[in-house]
Amino acid sequence: MRIKYKINGIVQGVGFRPTVYKIAKKLNLCGYVLNSSDGVIIEIEGENKERFINELKNNLPPLARIDTIEETVLRAKNYTDFQIIESKETTKTTSISPDIAVCEECLKEMFDKNNRRYLFPFINCTNCGPRYTIIKDIPYDRKNTSMAKFKMCEECYKEYTNPLDRRYHAEPTCCYDCGPELNVKCKMENGKWQELRIENGELRIKKIEVIAEKIKEGKIVAIKGLGGFHLVCDATNENAVKELRRRKQRPSKPFAMMFKNIETIKRYCKLTYNDVNLITSKEKPITLVKKQVELNGIADGIDRYGVFLPYTPIHYLLFEYIDFPIVATSANISDEPIIRDSDELIDKLGTVVDYILDNNRDIINACDDSVVQAVGDGEYITMRCARGYAPLMKNVECRMENGECKENITKHKNKKINKFSILNSQFSILGVGANQKNTISLAFKEKFILSPHIGDLGTLGSIEYFERTIDTFRRLYDFKEDVIICDKHPYYESTKWALNQNKEIYQLQHHYAHALATMFEYDLEGDYLAFIFDGTGYGDDGSIWGGEVFICNRHSYERIHYFKPFKLIGGEKAVKNPANMAVALLNDDLAKIYKNYKIAKNLSKGNFPLTSSMGRIFDMVAFLAGMIERNEWEGMSGLLIEKNYNPEIKEIVNFEINKEIDFIEMLNFAAKNKGSFELVSSVFINSLVQSIVKISDMYDLDIIVGGGVFQNKTLLTQVLKNIKNKKVYFNKNIPINDGGISAGQTAWGMWNL
Ligand SMILES: [Zn+2]
Ligand SMILES: [Zn+2]
């Protein structure tokens, strides 16, 4: 008897076949393993074959993930050996692994004096290193990556072709003899850039040492990482941080910091068990955690730092010379995509940096750092899904019961075959996302894929990158969309792009897409009560929505409550400057406290769009209490309100709940208590939570919360705590903010087309 398995999931380029090989050898099994376009095919014969799948599941390589296993029992062929069979076939639908932080074994080798890769800054193996960022085309072979120009040396090739080696078929395998090289560029007095000649070139790590020295001196450097450049300086040197802010014209938006190790982070931050798990996970994301020690200029005014650990060999080598935290912020212009080559860096940020630590391994696909935050009890939210997580893949075969499709989609009915795809195989769907924090999503055959964070589509550079990402994904997955789903907002660049394609187009309401993204992540069916709070989304009535309560399911939604619409005085400018909008809504006697009283009252008669935006309500509360003058960066007022939240304060302002939720008394309260930051912040959070709980009690439905406002950890945690006897769902791996919109769009397509 012979067993044939077909395995799908993340099974290519992650050391899967060598693992299968080792287990087969260990269990004395004969047969073969083969990569095919349908997944990995394995055939085994031998006495221990029943043990095979369990052994495999228990010994999966760190990056591999099995989604489905199909098993067929066949007549014996009497194989005499176990082999890895090379296939010439392309494997376009096999998923592409995200880039992964350097692994423990590689680090051990890198710091081992006797290893041939001692201190080698590009060490990697099948369990770690670059993937998505170096791939040009499929199949995932060295010739289709930016490693193509480095011809493998004999030693490396031996490792690459040995099934028992950790570098078996690790495409970026390389060493001093055959791999990329670091180089240091410095700015001359005339502003020109030149490669720095390093004296004593025999010291292998010298270039990194030079850069470390410059950081110690207070200089600003750029360092090429996996998916782009970081701007780096000494985070404990206030002048260096100030200088970076001045040159980058970024007055107050917080910077992320990289630390040598978790112990150093603990010296500066108060970490929970949950925080530590996120920070040290194999993805090594930027994690938002509580401050303990104030470092001036890093994240002034708020109580949080974004922290992360080294994740490339270069970072580890750098921290051999320094033990203080460094600012490590994406090298880009405002919200443009992260910069991936030194020419562009010099062109755009040449006046910002003094030195560049570059290397000649090209970054093909840019990829920013991911950002996550722990919430509630062992849960987390993703604020930016990128390096380590993306491309994010989910199998979307529909669930079966007794051969019947549980999804109850008409076209599946009366089909008596054993497996369905949730999609009609003729339909390939592309969701093009929102305008801010843009991502794209694809669905085809049985797969759903979410792209890494693309960015805000506010500049030509980012729009070009958006289009390039669509092309990249079409190529990498051999994907051609039949249908495009975009937002309803006529001015979104993603919508404009979609409407210009000669394809079937559907425009989906923004906040419904948020709710769908949550239903999709948890495979939810039936009706839910969804609280979707964010800054801006185009409403069905042409006004700007953002404080929405829906009853919704996979196919439709109803707007049952919303925050009382108010005039967005100043239009788009109100996002930065909430003063007039806020004061115009106050009772006259309170409005007089504010110096813009007259202007605001006059403007309030003007013709401005109406909005129910929760983001703007946060801004107005923060402004009226005196916490902000202007909203310097996105999320600022929310983080200030969180900082000032005091759980001891139980006071509440009652919001009257009809179809409209009337919050105006909260603004009067903030004005009346101007200067009492703790009181206003706590009462505001309490009142919001109370109104959510009240509405939740009115309907016998489980809850979905979503939208950028729920990045507010205090609000989300209080909601989770106060809603009892109901399930509360929120996006965890799909971004809870607009980064999740494309996922919701694509999910709608899968369920309705
Ligand atoms: Zn490794
Ligand atoms: Zn080599």
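Cut-offs applied
Residues numbered from 1 in each chain as written. Chains lettered and ligands numbered in written order. Predicted model: local features only at pLDDT ≥ 70, side-chain atom pairs only at ≥ 80, totals over all residues. Heavy atoms only, no water. Helix = DSSP H or I, 4+ residues; strand = E, 2+ residues; numbered from the N terminus. Rg over C-alpha atoms; globule rule 2.2 N^0.38 Å. Buried < 20%, exposed > 50% of the residue type's maximum accessible area, 1.4 Å probe, protein only. Contact = heavy atoms within 4.5 Å. Areas by Shrake-Rupley, 256 points an atom, 1.4 Å probe, with all protein chains shown as cover. Lys, Arg positive; Asp, Glu negative; His and termini not counted. Charge placed at Lys NZ, Arg CZ, Asp CG, Glu CD. Donors = N, O, S within 2.8 Å, 3.2 Å for Na, K, Ca; no water. Core = buried A, V, L, I, M, F, W, Y, C linked by side-chain atoms within 4.5 Å. Axes fitted to C-alpha atoms, helices over the stretch in contact; angles between N-to-C directions. Parallel < 35°, antiparallel > 145°, perpendicular 65-115°, else oblique. Left-handed = near helix turned anticlockwise from the far one by under 90°. Nonpolar A, V, L, I, M, F, W, Y, C, P; charged D, E, K, R; others polar. Pairing = 2+ DSSP bridges. Tetrahedral: all angles 85-135°; square planar, octahedral: opposite > 155°, others 65-115°. Expected span 1.5 Å × (residues − 1).

Draft legend 1. Highlighting the overall build of the chain. Along its length, the chain carries 22 helices and 34 strands. The C-alpha radius of gyration computed for the chain amounts to 27 Å, which stays within 12% of the reference 27 Å derived for 753 residues, consistent with globular compactness. Dimensions along the principal axes, computed over C-alpha positions, put the chain at roughly 90 × 75 × 50 Å. The buried share of the chain, taken over its 753 residues, is 62%. For the chain, restricting intrachain contacts to residue pairs at least 6 apart in sequence, the fraction spanning at least 24 positions comes to 70%. For the chain, the accessible surface area stands at approximately 30,700 Å², while carbon and sulfur atoms represent 46% of it. With 103 positive and 100 negative side-chain charges, the chain shows a spacing of 1 Å between the two charge centroids.

Draft legend 2. Summary view of the coordination of the zinc ion (ligand 1). The coordination sphere of the zinc ion (ligand 1) contains the protein donors Cys 103 (SG), Cys 106 (SG), Cys 125 (SG) and Cys 128 (SG), at a distance range of 2.3 to 2.4 Å. We note that the donor set of the zinc ion (ligand 1) lies within a single chain, spaced as C-x2-C-x18-C-x2-C. With Cys 103 in the loop between β5 (82–85) and α3 (104–110) and Cys 128 in the loop between α3 and α4 (154–161), this pair connects stretches of sequence that are 25 residues apart.

Draft legend 3. Region of interest: the nonpolar core. Judged by nonpolar contacts, the single largest core of 191 residues is most densely connected at Phe 531 and Phe 710. Dropping the residues within four chain positions of it, Phe 710 is found in contact with Ile 381, Phe 531, Phe 533, Ile 692, Val 705, Leu 715, Leu 716, Val 719 and Ile 736. Of all hydrophobic cores here, the second largest spans 42 residues; its members include Val 396, Tyr 729, Ile 734 and Met 750.

Draft legend 4. Spotlight on the packing of helix α17 (residues 614–625) against helix α19 (residues 664–672). Interaxial distance between α17 and α19 falls to 7 Å at its minimum, and their mutual angle equals 25°. It follows that α17 is roughly parallel to α19 by the angle criterion. Viewed along their axes, α17 and α19 form a crossing whose handedness is right-handed. Contacts between α17 and α19 involve Met 620, Val 621, Leu 624 and Ala 625 from the former and Met 666, Leu 667, Ala 670 and Ala 671 from the latter. Looking at the contact of α17 with α19 residue by residue, the classes come out as eight nonpolar, no polar and no charged.

Draft legend 5. Fine view of the sheet that holds strand β1 (residues 2–10). As summarised here, the arrangement of the five strands in space is β4-β1-β3-β2-β5, forming an open sheet in which the pairing is mixed. Every interior strand has two partners, whereas the edge strands, β4 (65–74) and β5, have only one. Going across the sheet, the axis of each strand differs from the next one's by a mean of 15°, ignoring polarity. Of the strand pairs in this sheet, β1 and strand β3 (residues 39–45) are connected by five bridges, and their pairing is antiparallel. Residue pairing in the sheet places Lys 6 in a bridge with Ile 41 of β3. Together, β1, β2 (30–36), β3, β4 and β5 form the strand contacts of helix α1 (residues 16–26), whose direction differs from that of β5 by roughly 170°.

Draft legend 6. Fine view of the coordination of the zinc ion (ligand 2). The zinc ion (ligand 2) binds to the protein through Cys 153 (SG), Cys 156 (SG), Cys 175 (SG) and Cys 178 (SG), with metal-donor distances spanning 2.2 to 2.3 Å. Seen from the zinc ion (ligand 2), its four donor atoms lie at angles of 105 to 117°, and the figure they make is tetrahedral. The sequence pattern formed by the donor residues of the zinc ion (ligand 2) is C-x2-C-x18-C-x2-C. Here Cys 175 and Cys 178 have matching classes, each one buried.

Draft legend 7. Molecular detail of helix α11 (residues 460–476). Between its first and last C-alpha, α11 extends 24 Å over 17 residues, near the 24 Å set by a 1.5 Å rise per residue. All of the buried residues in α11 are Ser 462, Ile 463, Tyr 465, Phe 466, Thr 469, Ile 470, Thr 472, Phe 473 and Leu 476. Taken together, the buried residues of α11 touch β21 (429–431), β22 (441–444), β23 (447–450) and α12 (493–499). Where α11 ends, the next residue or the one after it, Asp 478, has phi of about 50°, a positive value.

Draft legend 8. Layout of unusual backbone geometry. For the bond from Ala 390 to Pro 391, the omega torsion is 0°, close enough to zero to count as cis. Relative to the helices and strands, Pro 391 resides in the loop between β17 (379–384) and β18 (392–395). The phi dihedral of Asn 28 is positive, around 60°, even though this residue is not glycine. Take Asn 28: it is sitting in the loop between α1 and β2. Positive phi outside glycine occurs at Lys 284, with the angle close to 50°.

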